[in-house]
Amino acid sequence: MLRRIASHLFWTARNLERAEWRARLLDVNYHLLIESPPRDAQPWAALLAIFEERELFAQSYPTADETSMLNFFALDTDNPNSIRGCINTARNNAISLRHYLSSELWLDLNTLYLTAQEWTPEVFVSPGVFAFFAELKNSFYRNSGIRHGTIPRDLAYDFMQVGIMLERAEDVARMLDVKYHFLLPLLEDVGGPIDMLQWAAVLRSASGFEAYCKRFGNAIKVENVVEILLFDPTFPRSARFSLAMLETSLNRIASLAPERSPPLSRLEDLSALMRSKRSREVIKSGLHQFLIQIQDGCAALGDEVFQRYLKTD
């Protein structure tokens, strides 16, 4: 497979995954602020910390209020990582992949792209924020189902999986880090109703609330939330599961290369790290430092993947 094609596959899938995560976080944050009245002057600002986009946001918006944040993260074409920006990038990469994507997948992606071009700030008034994100989430579910049901398990599928799983592992670490350090600034609130409501919202943003209840029961405990979202080998949105799927795809890609290449060093380090740790241990030793380690590791792994498989001269 040409590096150019592999790159288009990778970025098509990764941008769709990024768009979905942003939609999830916006939706859950909105629900949380409705259910629990905010104490901070700018309760939406934590989302800027998740994606490290304070400076980009400040260039166009004076305050991090609800209207500005929804526009910035969902609609703003000047923000390449807005939901619409990610959908645009995914579709533009997919244009070169018509022979690698099923007609059903291309039709669904193109329909999503055309729908996104019609979005205006009024979509948050009518049909409203709840309805907008509910419909968008269903679109991502449908796209994911079509991809899994129509793409042969070949190199095209594996490069798409690499993009998806790399983005997923990094985003779940970012989400946990911001909740742990930004959403609950008052020490006396730890373990209280607001804290538990926020941790339940974190689970919902990863579609993990029901999976959590099935494994741990209805009582929300920080240690268990961290366990299922970071270390659970069976939950499909956990960091460990994502890295395992990433490793499987990269091993298949390497096995089909003309010359056998050495394993990616950063992947080996990350996989070993996730297999050796548990939530109680990382919370005790410093959850923030551990989550930064995962984020930095994913960034370094992305650079390795780019240099080995995607870089074109």
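Structure shown above.
In what follows, the accompanying structure is described. (Residues numbered from 1 in each chain as written. Predicted model: local features only at pLDDT ≥ 70, side-chain atom pairs only at ≥ 80, totals over all residues. Heavy atoms only, no water.)

**What about the overall build of the protein chain?**
When you go through the protein chain residue by residue, the secondary structure sums to 14 helices and 0 strands. When the helices and strands of the protein chain are listed from N to C terminus, the series reads α-α-α-α-α-α-α-α-α-α-α-α-α-α. Scaling as 2.2 N^0.38, a compact globule of 313 residues should have a C-alpha radius of gyration of about 20 Å, and the protein chain matches this with 19 Å. Taking the principal axes of the C-alpha coordinates as reference, the protein chain spans close to 60 × 45 × 35 Å. Looking at the protein chain as a whole, 54% of its 313 residues qualify as buried. (Helix = DSSP H or I, 4+ residues; strand = E, 2+ residues; numbered from the N terminus. Rg over C-alpha atoms; globule rule 2.2 N^0.38 Å. Buried < 20%, exposed > 50% of the residue type's maximum accessible area, 1.4 Å probe, protein only.)

**Some points on the pattern of salt bridges**
If you walk through the whole model with that rule in mind, you get 16 salt bridges. Note that Arg14 and Glu167 form a salt bridge whose closest N and O atoms lie 2.6 Å from each other. In this pair, Arg14 sits in helix 1 (residues 3–35) while Glu167 sits in helix 8 (residues 155–183), placing the two residues 153 residues apart along the sequence. Residues Glu281 and Lys277 are paired through a salt bridge, measuring 3.1 Å at the closest nitrogen-oxygen approach. For Lys277, a relative accessible area of 22% puts it in the partly exposed group. The network of salt bridges with common partners includes Arg14, Arg18, Glu52, Glu167, Glu170 and Arg174. (Salt bridge = Lys/Arg side-chain N within 4 Å of Asp/Glu carboxyl O.)

**Some remarks on the packing of helix 13 (residues 265–276) against helix 14 (residues 279–310)**
Where helix 13 contacts helix 14, the two axes come as close as 9 Å, and the packing angle between them is 155°. Between helix 13 and helix 14, the interaxial angle falls into the category roughly antiparallel. Regarding helix 13 and helix 14, the two cross each other, and that crossing is left-handed. Contacts between helix 13 and helix 14 involve Ser265, Arg266, Leu267, Leu270, Leu273, Met274 and Ser276 from the former and Glu281, Phe290, Gln293, Ile294, Gly297, Cys298, Ala300, Leu301 and Glu304 from the latter. When grouped by side-chain class, the residues that make up the contact of helix 13 with helix 14 number 9 nonpolar, 4 polar and 3 charged. (Axes fitted to C-alpha atoms, helices over the stretch in contact; angles between N-to-C directions. Parallel < 35°, antiparallel > 145°, perpendicular 65-115°, else oblique. Left-handed = near helix turned anticlockwise from the far one by under 90°. Contact = heavy atoms within 4.5 Å. Nonpolar A, V, L, I, M, F, W, Y, C, P; charged D, E, K, R; others polar.)

**Considerations on the environment of Ala239**
Tracing the chain through its elements places Ala239 in helix 12 (residues 239–255). Spatially, the C-alpha atoms of Ala239 and Arg168 are 7.2 Å apart, while their sequence positions differ by 71 residues. Setting aside anything within four residues of it in sequence, one finds Ala239 in contact with Ala169, Val172, Leu229, Leu230 and Met274.

**Section: helix 5 (residues 83–94)**
With 12 residues, helix 5 extends 16 Å between its outermost C-alpha atoms, agreeing within 8% with the 16 Å of an ideal straight helix rising 1.5 Å per residue. Burial of helix 5 is extensive: 10 of the 12 residues sit out of reach of the surface. Looking only at helix 5, the buried set comprises Ile83, Arg84, Gly85, Cys86, Ile87, Asn88, Ala90, Arg91, Asn93 and Ala94. Elements that come into contact with the buried residues of helix 5 comprise helix 1, helix 4 (66–75), helix 6 (103–117) and helix 7 (129–150). (Expected span 1.5 Å × (residues − 1).)

**A few points about the packing of aromatic side chains**
For the coordinates displayed, the defined rule picks out 15 aromatic pairs. Among the aromatic side chains, those forming a connected cluster through ring pairs are Phe51, Phe57, Tyr61, Phe72 and Phe73. Between the NZ or CZ atom of Arg22 and the centre of the ring of Phe51, over which it lies, the distance is 3.8 Å. For Arg204, the ring lying beneath its charged end belongs to Phe209, and the centroid distance is 4.4 Å. (Phe/Tyr/Trp six-rings, centres within 6.5 Å; stacked < 30°, edge-to-face > 60°. Lys NZ or Arg CZ within 6 Å of the ring centre and 35° of its normal.)

**Here's the deal with the nonpolar core**
Grouped together as the largest cluster of nonpolar side chains are 101 residues, with contacts concentrated most on Ile83, Phe133, Leu229 and Leu230. Sorting elements by how many residues they give to this core places helix 8 first, with 14 residues. Ignoring any residue separated from it by four or fewer positions in sequence, one finds Leu230 in contact with Leu176, Ser238, Ala239, Arg240, Met274, Leu287, Phe290, Leu291 and Ile294. (Core = buried A, V, L, I, M, F, W, Y, C linked by side-chain atoms within 4.5 Å.)

**Observations regarding unusual backbone geometry**
Omega for the bond connecting Ser126 with Pro127 falls within 30 degrees of zero, at 15°, which places this linkage in the cis form. Take Pro127: it is sitting in the loop between helix 6 and helix 7. A positive phi angle, near 55°, is found at Glu52, a position not held by glycine. Following the sequence through the fold, Glu52 ends up in the loop between helix 2 (45–51) and helix 3 (54–58). The class of Glu52 is exposed, set by a relative accessible area of 60%. The phi torsion at Ser207 lies on the positive side, around 50°, for a residue other than glycine. When you line up the elements, Ser207 lands in the loop between helix 9 (193–205) and helix 10 (209–216). Under the relative-accessibility criterion, Ser207 is labelled partly exposed at 28%.

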